[in-house]
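The residues making up each chain are set out below.
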Amino acid sequence: MTNEFKPVKQEKSVISIRIDNNILKLIDEKSLNADISRNEFIIQCIEYAINNMSK
């Protein structure tokens, strides 16, 4: 029996947010320095914040 690769598509939602221009500039700079997309950077920031919140 072989292990077969079975790709799984994670369900994602498209949302719209309004963000201060200065924060967006920082996000763009940080994501460029990290060599990841703006979207991926924002997702990782949100995950980090949620995982590090006190109860």
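Above this text you will find the structure in question.
Summarised in this report is the structure supplied together with it. (Residues numbered from 1 in each chain as written. Predicted model: local features only at pLDDT ≥ 70, side-chain atom pairs only at ≥ 80, totals over all residues. Heavy atoms only, no water.)

1. A word on the overall build of the protein chain
As a reminder of what qualifies: Strands are runs of DSSP state E lasting at least 2 residues, helices are runs of H or I lasting at least 4, and numbering of each runs from the N terminus. With the radius of gyration taken over C-alpha atoms, the globule rule is written as 2.2 Å times the number of residues to the power 0.38. With a 1.4 Å probe rolled over the protein chains alone, any residue whose accessible area is under 20% of its type maximum counts as buried; one over 50% counts as exposed, and the rest are partly exposed. Using a 1.4 Å probe, the Shrake-Rupley method yields the accessible areas, and only the shown protein chains count as cover for residues. For the purpose of charge, His is not counted, nor are the chain termini; Lys and Arg are scored as positive and Asp and Glu as negative. Charge coordinates come from a single atom per side chain, which is NZ of Lys, CZ of Arg, CG of Asp or CD of Glu.
Scanning the protein chain for helices and strands turns up 2 helices and 0 strands. Rg of the C-alpha trace for the protein chain: 16 Å, well past the compact-globule value of 10 Å for 55 residues, more than 25% over. Overall, the protein chain is about 55 × 30 × 20 Å in size when its C-alpha atoms are taken along their principal axes. The burial tally for the protein chain puts 5% of its 55 residues in the buried class. Surface exposure of the protein chain reaches about 6000 Å², of which carbon and sulfur atoms provide 53%. Of the charged side chains in the protein chain, 8 are positive and 8 negative, and the gap between their average positions amounts to 4 Å.

2. Regarding the pattern of salt bridges
Spelled out, the test is: For this analysis, a salt bridge means a side-chain nitrogen from Lys or Arg found within 4 Å of a carboxyl oxygen belonging to Asp or Glu.
Across all of its chains, the model carries 1 salt bridge by this definition. A salt bridge links Asp28 to Arg38, with the shortest nitrogen-to-oxygen separation between them at 2.7 Å. Remark: Arg38 occurs in helix α2 (residues 38–51) and Asp28 occurs in helix α1 (residues 21–34); sequence separation between them is 10 residues.

Remember that the coordinates give geometry; whether it matters functionally is a separate question.
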